[in-house]
Amino acid sequence: MAGHSQFKNIMHRKGRQDAMKSKLFGKLAREITVAAKLGTPDPAMNPRLRAAIIAARAENMPKDNIERAIKKASGSEGENYDEIRYEGYGPGGVAVIVEVLTDNRNRTASDVRSYFTKSGGNLAETGAVSFMFDRLGVIEYGPEVASADAMLEAAIEAGADDVVSSEGGHEVYASQETYRDVAKALEAKFGEPKKAALVWKPQNSVAVDDEQAEKLFKLIESLEEHDDVQHVYANFEVSEAAMAKMGA
């Protein structure tokens, strides 16, 4: 997910992380509540809830907030959220997948469509671009946990399909079917991961120029700032020069 990583790097350079923390906690809490409501409130027996809690901890979400979100699932006053996936094309023909949890389908659909239109892209039918991505499980660890060779060896032994190691850490990929077992095996060896979730991984990347990149990043930023949007995936590559220009 090189493209998405590049987007995160630029947002970090702009110092936007703290400003978005409160909004991020709200999204994490929403996912925890939905996961607990769809399954059991016990993370040991509910893989989706466990993944949501790991994601919350990785962002230093307070324990009280996590427990409150779980309890909310059993309350009668809890909102009901629909899970929807939107697909479309952004600037430069980049394929974009947007995952949302919403209590108002019409509002969210209208907002997402307007973001795509303003960027010069267009919203398409479900399935229009998802075939260009693989639905995989990813388990992420920091670089200090193990060397690239040690992580690769452990991942192969656990049954993973691929490992991408860099200065930023390790990304271990596994199929939807084996991902839970791979995550358990790695956790037994290296401890709790920074992230363990199902993602959309692009099969190929589309190179975009500076002008397209700027429009694309505005689209992704608008989507990620929307309260209902949980995740955004896109299959793009941006040059280091363009990243430096936008991150300045």
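See the structure shown above.
Residues numbered from 1 in each chain as written. Predicted model: local features only at pLDDT ≥ 70, side-chain atom pairs only at ≥ 80, totals over all residues. Heavy atoms only, no water.

(A) Up close: the sheet that holds strand 2 (residues 95–102). Reading across the sheet, the four strands line up as 3-1-2-9 and stay open at both edges, with antiparallel pairing between neighbours. This sheet does not close on itself; its edge strands, each paired only once, are strand 3 (122–124) and strand 9 (229–234). When strand polarity is set aside, the average angle formed by the axes of neighbouring strands in this sheet is 30°. Relative to strand 9, strand 2 runs antiparallel, the two being bridged by five bridges. (Pairing = 2+ DSSP bridges. Helix = DSSP H or I, 4+ residues; strand = E, 2+ residues; numbered from the N terminus. Axes fitted to C-alpha atoms, helices over the stretch in contact; angles between N-to-C directions.)

(B) Spotlight on the side chain of Ser 175. Turning to its location among the elements, Ser 175 is positioned in strand 6 (residues 169–175). Only 2.9 Å separates the side chain of Ser 175 from the side chain of Thr 178, close enough to count as a polar contact. Those residues in contact with Ser 175 that sit more than four places away from it in its chain are Leu 136 and Asp 161. (Polar contact = N/O pair within 3.5 Å; in protein donor to acceptor, adjacent residues only side chain to side chain. Contact = heavy atoms within 4.5 Å.)

(C) Just the pairing of strand 2, in detail. In terms of burial, strand 2 is a largely internal element, eight of the eight residues being buried. Side chains Ala 95, Ile 97, Glu 99 and Leu 101 project from strand 2 onto one buried face, and the interleaved Val 96, Val 98, Val 100 and Thr 102 project onto a second face that is buried too. In terms of strand pairing, strand 1 (residues 82–89) meets strand 2 through eight bridges, oriented antiparallel. Opposite Glu 83, over in strand 2, you have Leu 101 as the bridge partner. From the end of strand 1 to the start of strand 2, which pair antiparallel, there are five residues, and Gly 92 there has a positive phi angle of about 75°. (Buried < 20%, exposed > 50% of the residue type's maximum accessible area, 1.4 Å probe, protein only.)

Keep in mind that these numbers describe shape and distance, not what the molecule does.
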